Amino acid sequence: MRLPVILVQHPPASGAALADALVGNLIGRAGLDLTLVDRFESITDDSTDRMTLDGITVPSAVLDWQSPEVILESLSAIGFDGVRCPHRLDQDAIQRHGRRLFLFDLTRFDQANSIIAELDRLKDSLAVKTFS
């Protein structure tokens, strides 16, 4: 199982170092597929960001510079539906049925280490385990 990681690429000035660290650590990382997109509210129906998001139909991690509630609302407004799913860095979410979206409010972090570790853990937890 691969985990798509959607990163909004326009950080506030105070988040530029974190954004650079995330991109540097996520590009080419085994099992994580990094996608950089514009702010969700600026994505139009005919944009390449829209086509890219339309191709993602599995559980995904979404990293943005807003609260999980606002992220989910913004995604819903552009037709990228899913449910906020709890993880170690967002334990306030309630488990529901639907496409799982692991939401990360990047304004809560100054370093990438804990985010990268949680993304790796989520990827591993989604892996299908088979027995012979």
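Residues numbered from 1 in each chain as written. Predicted model: local features only at pLDDT ≥ 70, side-chain atom pairs only at ≥ 80, totals over all residues. Heavy atoms only, no water.

## Overview of the overall build of the chain
The helix and strand inventory of the chain stands at 4 helices and 5 strands. Counting helices and strands in the order they occur from the N terminus, the chain gives β-α-β-α-β-α-β-β-α. Rg of the C-alpha trace for the chain: 14 Å, near the compact-globule value of 14 Å for 132 residues, within the 12% margin. With the principal axes as the frame, the chain shows a C-alpha extent of 50 × 30 × 30 Å. Classification of the 132 residues of the chain by burial places 44% in the buried group. Residue pairs at least 24 apart in sequence account for 67% of intrachain contacts in the chain once pairs closer than 6 positions are excluded. Of the roughly 7,200 Å² of accessible surface on the chain, 50% is carried by carbon and sulfur atoms. Taking the average location of the 13 positive side-chain charges in the chain and that of its 19 negative ones, the two points are 9 Å from each other. (Helix = DSSP H or I, 4+ residues; strand = E, 2+ residues; numbered from the N terminus. Rg over C-alpha atoms; globule rule 2.2 N^0.38 Å. Buried < 20%, exposed > 50% of the residue type's maximum accessible area, 1.4 Å probe, protein only. Contact = heavy atoms within 4.5 Å. Areas by Shrake-Rupley, 256 points an atom, 1.4 Å probe, with all protein chains shown as cover. Lys, Arg positive; Asp, Glu negative; His and termini not counted. Charge placed at Lys NZ, Arg CZ, Asp CG, Glu CD.)

## Description of the side chain of Asp105
Along the chain, the position of Asp105 falls in strand S5 (residues 100-105). For the buried Asp105, which has no salt bridge, the nearest side chain bearing the opposite charge is Arg108, at an N-O separation of 5.5 Å. A polar side-chain atom of Asp105 sits 2.5 Å from a polar atom in the side chain of Thr107. Excluding residues that lie within four positions of it along the chain, Asp105 makes contacts with Asp64, Trp65, Gln66, Ser67 and Pro68. (Salt bridge = Lys/Arg side-chain N within 4 Å of Asp/Glu carboxyl O. Polar contact = N/O pair within 3.5 Å; in protein donor to acceptor, adjacent residues only side chain to side chain.)

## A word on the packing of helix H1 (residues 16-26) against helix H4 (residues 113-126)
The geometry of H1 relative to H4 is characterised by a closest axis approach of 10 Å and an angle of 35 degrees between their N-to-C directions. As for the relative orientation of H1 and H4, their crossing is right-handed in sense. Packed against H1, whose contacting residues are Leu18, Leu22, Asn25 and Leu26, the element H4 presents Ile115, Ile116 and Leu119 at the interface. Across the contact of H1 with H4, the residue classes break down as 6 nonpolar, 1 polar and no charged. (Axes fitted to C-alpha atoms, helices over the stretch in contact; angles between N-to-C directions. Left-handed = near helix turned anticlockwise from the far one by under 90°. Nonpolar A, V, L, I, M, F, W, Y, C, P; charged D, E, K, R; others polar.)

## Structural notes on the sheet that holds strand S4 (residues 83-84)
Across the sheet, 5 strands lie side by side as S2-S1-S3-S5-S4; this open sheet has parallel pairing. If you trace the sheet from one side to the other, it starts and ends with strand S2 (32-37) and S4, each paired once. Judged from the 5 bridges that link them, strand S3 (residues 60-64) and S5 form a sheet pairing that is parallel. Counterpart to Val62 in the pairing with S5 is Leu103. Sheet contacts for H1: strand S1 (3-8), S2 and S3; angle to S2, the most-contacted strand, approximately 140 degrees. Of the strands in this sheet, S1, S2, S3 and S5 are in contact with H4, which crosses S5 at around 175 degrees. (Pairing = 2+ DSSP bridges.)

## Details of the pattern of salt bridges
Here the structure, examined in full by the defined rule, presents 7 salt bridges. Across the pair Asp120 and Arg29 runs a salt bridge whose closest N-O atoms are separated by 2.8 Å. Here Asp120 is found in helix H4, whereas its partner Arg29 is found in the loop between H1 and S2, with 91 residues between them in sequence. The class of Asp120 is buried, set by a relative accessible area of 19%. For Asp90, the salt bridge identified is with Arg84, shortest N-O distance 2.6 Å. There is no split in this pair, since Asp90 and Arg84 are both buried.

That is the geometry; function is a separate question.
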